[in-house]
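Letter by letter, the chains look like this.
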Amino acid sequence: MSAWGRATILLFLLGACGGGAFDAFYVSQGIKRYSPLVSAGPTLLGLPWWAPLLAGSAAVVIGLSHPLLDPLLAYSRTARRLSTSIAALGWLCLAYLLGALSLAPIARFGLLGLLYLNFWLLAGRSWQNLVFSAVVAITGTLIEMILANAGIFSFPQNAELLGVPAWLPWLYACASLALGDLGRALILLQRGG
């Protein structure tokens, strides 16, 4: 199996398990609610059966887009060790947890923005990572807006941004840094780099 195939499987499993777990956490905290119509089939921890598959697919797209598009943005840097890239997932976990705090929406927005800024500073401070983060934040938030406005799920506590929380783009920006770095490390590791 190629390096890209192995990376795809690992990123999918990570996204399905980790993303699914945090999605279930948001459901248990009342931050997110799936429509009874889409949850009519089998559920796991309040999630429809397909929600972990969606999270796994998102992890693959985010994680592999970075090493795939790096050459287009003339981005090259010394590869991080896989253990460092895995440790960077802690920043993403922290972002999910901060999204669950009982704070005013503007406070959560500011706190997650500050977290992203610190993460970006530690992740290499490149303009390319800013571009990737912006694209992932916009795309991920737009997809969630479409799903929320289609009635698939809702954010009952705060949906200031066309049906989704205003802090959601920061969560996707952190996912871009963490999963993009992991995707790069997986590709380089499996290529023998």
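Everything below is about the structure shown above.
Predicted, not measured: the structure shown is a model, and the values here were computed from it.

**Q** I'm lost on the side chain of Thr-141 in this one. Help?
**A** With respect to the helices, strands and loops of the structure, Thr-141 is situated in helix α6 (residues 127–149). Excluding its chain neighbours within four sequence positions, the residues that come into contact with Thr-141 are Val-136, Leu-161, Val-164, Leu-168, Pro-169 and Tyr-172.

**Q** Hey, could you run me through the side chain of Asp-23 in this one?
**A** Here Asp-23 shows up in helix α1 (residues 3–28). Sequence-distant contacts of Asp-23, defined by excluding residues within four places in its chain, comprise Lys-32, Tyr-34, Leu-47 and Ala-51.

**Q** Could you clarify how one ought to interpret the pattern of salt bridges in this entry?
**A** Close approach of charged atoms allows side chains with opposite charge to pair. Per the stated rule, a full pass over the model turns up two salt bridges. Across the pair Asp-23 and Lys-32 runs a salt bridge whose closest N-O atoms are separated by 3.0 Å. Among the ionic pairs, Asp-70 bridges to Arg-184, the shortest N-O distance being 2.7 Å. Taken together, the positions of Asp-70 in the loop between α2 (51–69) and α3 (82–87) and Arg-184 in helix α7 (residues 168–190) put the pair 114 residues apart, joining distant regions of the chain. For the pair Asp-70 and Arg-184, a shared accessibility class is recorded, and that class is buried.

About the thresholds
Residues numbered from 1 in each chain as written. Predicted model: local features only at pLDDT ≥ 70, side-chain atom pairs only at ≥ 80, totals over all residues. Heavy atoms only, no water. Helix = DSSP H or I, 4+ residues; strand = E, 2+ residues; numbered from the N terminus. Contact = heavy atoms within 4.5 Å. Salt bridge = Lys/Arg side-chain N within 4 Å of Asp/Glu carboxyl O. Buried < 20%, exposed > 50% of the residue type's maximum accessible area, 1.4 Å probe, protein only.

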